[in-house]
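Coordinate inspection notes
One letter stands for each residue in the lines below.
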Amino acid sequence: MDKVHRASRTLEITILSAENLSLNRKSIKKNAYVIARVDPTNFGSTKAGFEGGSNPSWNEKLALDMSFQTRFITLEVKCKTSSGDRVVGTASLPLSDILGDYTPESCLHFLSYRLRDSRGEKNGIINVSARVNVPVESMSPAVTENPVRSGCSSSWKQPALGVPVGHQKNYYGGGVARGVPIWS
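To start, this report covers the structure provided alongside it. Model, not experiment: these values are computed from the prediction.

Any pair of aromatic rings gets described here by the distance separating the centres and the angle formed by the planes. Applying the stated rule across the entire model yields zero aromatic pairs. Taking the ring centre of F43 as reference, the NZ or CZ of R37 above it sits at 5.1 Å. Between K80 and the ring centre of Y33, over which it is positioned, the NZ or CZ distance is 5.7 Å.

This is the structure we're talking about:
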């Protein structure tokens, strides 16, 4: 199999913080942590936060390898309790929020997502920063011919990305919020 078929990208995601976390409608006190999941076998986790209560702060960077077919990353906030680890809330991060539009692929994005508990009810917000890094050997010639951070936009060529671009098919089954502020 050649490099094109094995090519992958690395998602650098920094789990910054969460807001208004609760478990059974009671604010959590401590021990919250986040699992960022590409698929069932590929994930990363923060350490449990012992401070911050229902507004924990982690500021932990995770690096996850993912294929070019990956469309979503699942963010799952959990809390360690005396009866085991419990899910506080889950959010899906569509890669279209990081890739796409007219921003370079390695651009850092700051995003916030609404967490939903197992009943589908709102249960806080998670704040992250993320970027996708593509290995140089898997980039197209248009990307590798660009000067590296020369500061001259007139010498920069639009890269040909390794993801389908311009298709009108909606892969996500509906509208996707793009890191917009959330008010209660």
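Attention now goes to unusual backbone geometry. Not every positive phi belongs to a glycine, and N24 is a case in point at roughly 55°. As for its placement among the helices and strands, N24 is situated in the loop between β2 (22-23) and β3 (26-27). Even without being glycine, R25 reaches a positive phi, approximately 65°. The topology assignment puts R25 in the loop between β2 and β3.

Of all eight residues in strand β4 (residues 32-39), six are buried; the element is thus mostly enclosed. In this structure, β4 lies alongside strand β7 (residues 72-81), joined through six bridges in antiparallel fashion. What sits directly across from A36, in β7, is L75. When β4 meets strand β5 (residues 42-45), the two strands line up antiparallel, connected through four bridges. In the strand pairing of β5, D39 is matched with N42. The antiparallel hairpin formed by β4 and β5 contains two residues in its connecting segment.

Thresholds, definitions, all that
Residues numbered from 1 in each chain as written. Predicted model: local features only at pLDDT ≥ 70, side-chain atom pairs only at ≥ 80, totals over all residues. Heavy atoms only, no water. Phe/Tyr/Trp six-rings, centres within 6.5 Å; stacked < 30°, edge-to-face > 60°. Lys NZ or Arg CZ within 6 Å of the ring centre and 35° of its normal. Helix = DSSP H or I, 4+ residues; strand = E, 2+ residues; numbered from the N terminus. Buried < 20%, exposed > 50% of the residue type's maximum accessible area, 1.4 Å probe, protein only. Pairing = 2+ DSSP bridges.

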